[in-house]
Amino acid sequence: MKSLSRWFLYGLIWVSSVANSAELSQVQHDKSSVSFGYKQMGVAMDGKFRKFVAKLNFDPSKPAAANAQIDIDLASIDTGTSEGDEEVAGKQWFNSKAFPSAKFVSTSVKSLGADRFEVAGKLSIKGKSVDAIAPFTFKPQGNVGAFDGTLLIKRLDFAIGEGPWADVSTVANEVQIKFHIVANAAPAAAAPKK
Amino acid sequence: MNTQSLSRYSGAAILIHWLTALLIFVAFPLGKYMHDLPLSPQKLELFSYHKWLGITVLLLFLPRLLVRIAKPPPTALPAPAWQHRAASVTHALLYLLILLVPLSGWLMSSAKGVSVVYLSLVPLPDLVDKNKELGSLLKEFHEALSTGLFVLVALHLAAAIKHHVIDKDGTLRRMLPGRNT
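Quantities reported herein were computed from a predicted structural model and do not represent experimental measurements. Within every chain, residues take consecutive numbers counted from 1 along the sequence as written. Written order decides the labels, with chains lettered from A and ligands numbered from 1. Whole-chain, interface and lining totals are the exception, using all residues; otherwise, since this is a predicted model, local features are given only for residues with pLDDT of at least 70 and side-chain atom pairs are given and counted only at 80 or more.

The next thing to look at is the overall build of chain A. What chain A contains, in helices and strands, is two helices and eleven strands. Taken from N to C terminus, the helices and strands of chain A fall in the order α-β-β-β-β-β-β-α-β-β-β-β-β. Exposed residues have 12 or fewer other C-beta atoms within 10 Å of their own C-beta, buried residues have 20 or more, and residues in between are partly exposed; the C-beta atoms are placed from the backbone. Evaluated residue by residue, chain A yields a buried proportion of 26% over its 194 residues. By the convention adopted here, residues make contact when the C-beta atoms placed from their backbones lie within 7 Å. At a minimum sequence separation of 6, the contacts of chain A that also span at least 24 residues come to 56%. Here a strand is any run of E in DSSP of at least two residues, a helix any run of H or I of at least four, and the numbering for each starts at the N terminus.

Here we take up the overall build of chain B. Scanning chain B from terminus to terminus reveals four helices and two strands. In sequence order, chain B lays out its α and β elements as α-α-α-β-β-α. The principal-axis extent of the C-alpha atoms belonging to chain B is close to 55 × 30 × 25 Å. In chain B, 70% of the contacts between residues at least 6 apart in sequence involve partners at least 24 apart.

Moving on: the interface of chain B and chain A. Facing eleven residues of chain B, the contacting portion of chain A comprises 15 residues. Amino acids are sorted into nonpolar (Ala, Val, Leu, Ile, Met, Phe, Trp, Tyr, Cys and Pro), charged (Asp, Glu, Lys and Arg) and polar (every other residue, Gly among them). Residue composition of the side of chain B that touches chain A, grouped by class: five nonpolar, five polar and one charged.

Quick look at the packing of helix α2 (residues 41–70) of chain B against helix α3 (residues 81–111) of chain B now. Each pair of packed helices gets described by two things: the angle between the helix axes and the distance between those axes. Residues and elements named next belong to chain B. Packing of α2 against α3 brings their axes to within 9 Å, and their N-to-C directions diverge by 135°. In this view, α2 runs oblique relative to α3, as classed from their interaxial angle. Handedness of the α2/α3 crossing: left-handed. Side by side, α2 and α3 meet where Lys-51, Gly-54, Ile-55, Val-57, Leu-58 and Phe-61 of the first sit next to Ile-98, Leu-99, Pro-102, Leu-103, Gly-105 and Ser-109 of the second. Between N-to-C directions, angles cover 0 to 180 degrees, with each direction set by a line fitted to C-alpha atoms, over the stretch in contact for helices. Angle categories are assigned with fixed cut-offs, so that under 35 degrees is roughly parallel, over 145 is roughly antiparallel, 65 to 115 is roughly perpendicular, and the rest are oblique. Helix crossings fall into two classes, left-handed where the near helix is turned counterclockwise from the far one by less than a right angle and right-handed where it is turned clockwise.

The term nonpolar core means buried Ala, Val, Leu, Ile, Met, Phe, Trp, Tyr and Cys residues held together as one set by C-beta atoms within 7 Å. Counting 41 residues, the largest nonpolar core has Leu-56, Ile-72, Ile-177 and Ile-181 of chain A as the members making the most contacts within it. Of all the secondary-structure elements, those providing two or more residues to this core are β2 (33–40), β4 (52–57), β5 (67–73), β7 (101–113), β8 (116–125), β9 (128–141), β10 (144–154) and β11 (171–184) of chain A. Those residues in contact with Ile-72 of chain A, other than ones at most four positions away along the chain, are Val-34, Phe-49, Phe-52, Ser-101 and Ala-102 of chain A. One finds Leu-53, Ile-55, Ala-111 and Leu-149 of chain B within the second-largest nonpolar core, a separate group that totals 19 residues.

All names here are of chain B. The N-to-C vectors of helix α1 (residues 11–35) and α2 enclose an angle of 155°; their axes lie 9 Å apart at closest approach. By the angle class used here, α1 and α2 are roughly antiparallel. In the crossing of α1 with α2, the sense of the turn from one axis to the other is left-handed. Broken down by class, the residue content of the contact of α1 with α2 amounts to 18 nonpolar, five polar and three charged.

For the rest of this paragraph, the subject is the pairing of β2 of chain A. Residues and elements named next belong to chain A. Pairing geometry for β2 and β11, over seven bridges, is antiparallel. The residue bridging Phe-36 from the neighbouring strand is Ile-177, located in β11. The rule for pairing is simple: two strands pair if DSSP sees at least two bridges between them. When β2 meets strand β3 (residues 43–49), the two strands line up antiparallel, connected through seven bridges. Its bridge partner being in β3, Val-34 is matched across the sheet by Phe-49. If you look at the hairpin formed by β2 and β3, you'll find two residues sitting between the two strands, and Met-41 has a positive phi there, around 50°.

Moving on, we get to the confidence of the model for chain B. All names here are of chain B. pLDDT: the predictor's confidence for each residue, scored from 0 to 100. On average, residues of chain B score 93 in pLDDT, and 95% of them reach the 70 mark or higher. In this model residues 1–5 is a low-confidence stretch, pLDDT under 50, and it forms six contacts with partners more than four residues away in sequence or in other chains. For this predicted complex, the interface confidence comes out at an ipTM of 0.80, alongside a pTM of 0.83.

Moving on to α3 of chain B. Over its 31 residues, α3 of chain B extends 44 Å from the first C-alpha to the last, a length consistent with the 45 Å expected when each residue adds 1.5 Å. Positive phi shows up at Gly-113 of chain B, right after α3 of chain B, with a value of about 80°. Helix span, as expected, comes to 1.5 Å for every residue beyond the first.

Let's shift gears to the pairing of β5 of chain A. All names here are of chain A. Residues Ala-68, Ile-70 and Ile-72 line the buried face of β5, whereas the alternating positions Asn-67, Gln-69, Asp-71 and Asp-73 sit on a face that is not buried. The pairing of β4 with β5 spans six bridges and is classified as antiparallel. Counted as the bridge partner of Val-53 is Asp-71 from β5. For β5 and β7, the ladder comprises five bridges, and the chain directions are antiparallel. Bridging across to β7, Ile-70 finds its partner in Phe-104.

Reading predicted coordinates in detail is not appropriate for stretches of low pLDDT. All names here are of chain A. Of all residues in chain A, 85% attain a pLDDT of 70 or more, and the chain-wide mean is 88. When pLDDT is averaged over each helix and strand of chain A, the minimum, 58, is found for helix α1 (residues 2–20) and the maximum, 97, for β2. Note on residues 16–20: pLDDT is under 50 here. Beyond four places in sequence and across chains, it has three contacts.

Moving on, we come to the environment of Leu-24 of chain A. Residue and element names in this part refer to chain A. Looking at the secondary structure, you find Leu-24 in the loop between α1 and β1 (26–27). Classification of Leu-24 by C-beta neighbours within 10 Å gives buried; the count is 24. Measuring from C-alpha to C-alpha, the distance between Leu-24 and Ile-177 comes to 22 Å, with 153 residues separating the pair along the chain. Discounting residues that sit within four places of it in the chain, Leu-24 has contacts with Leu-56, Phe-58, Gly-145, Ala-183, Asn-184 and Ala-185.

All names here are of chain A. Relative to the helices and strands, Ser-106 resides in strand β7. With 19 C-beta atoms counted inside 10 Å, the residue Ser-106 sits in the partly exposed group. Expressed as a C-alpha distance, the spacing of Ser-106 and Lys-122, which sit 16 residues apart in the sequence, is 6.4 Å. The contacts of Ser-106, once residues within four sequence positions are left out, are Asn-67, Ala-68, Gln-69, Val-119, Ala-120 and Gly-121.

As structure tokens, then:
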């Protein structure tokens, strides 16, 4: 009897490990987004990046083995106005001619319990690299999963907004980078791309 | 000069009138000036100040109406009927635009995605969702209405000066602080 229940337990562990072992590795860029929020004269503002490339390998049962990388095309910024888009491409902001992309490369991922995780890594913008940590949630849906998280940065750490713009009383130093990444499990399960 | 010519507007009405005038005289040229500035922290600051001035004008409208109801304006001084009519129409339009100019600015701010946080303290609700086309349209409205307000204020001012300098009646003095006689 005892050994039977033990076998039953092994069976359960095996089934659940198979169910959970689906590693997500194919990012669905059309369903994913990278946006940002900041304060300007005390007013909450937001914007987004239209182009970015995200790569990841993530198995919720083995977060320590996970890794992620995201490259953001800074020229694809949408601040809400063309005047703003042109301004932030300039030397005082992103200087996106010389530094066309922002890059985040993970160094470690850990579980915070339930569907919450935390990714640590290096964020590089405008030739400067800073250690960054982003808590995120992971919501699986069959073979697809959605990652939602926020990376808090201080723009002056990357010299984003120099000269008169370095005054944080108009445009705040704190910027939240919000990501919503949808990924598939195995390539076999991925929907054919058109 | 008879006593009727010196029956003044109520103190509250006089205060709100000149306060609104002062706010408009600052907000209007500020709006014209900041609009053409290249994007800079100073421009962002000026936009905020302009919005705060406009919202203050809007806020003063309610007490203005209440005061007008509680203490109606003194009877108009004798003048040709067409002048009384012109004055009534100008005053009605002034009231309308004092309401519509800040309101269109607020709407425009909402549509452009730059909400108004009054005095950097009180976040005002967005009246419409962020929408670029609507934002540009409301900008046109705001500019046209502001120009309309500018023309009306000029007319109003010209009439006040005409009453004071040419007619030498008490019209202007009724809107100045002083004792009722």
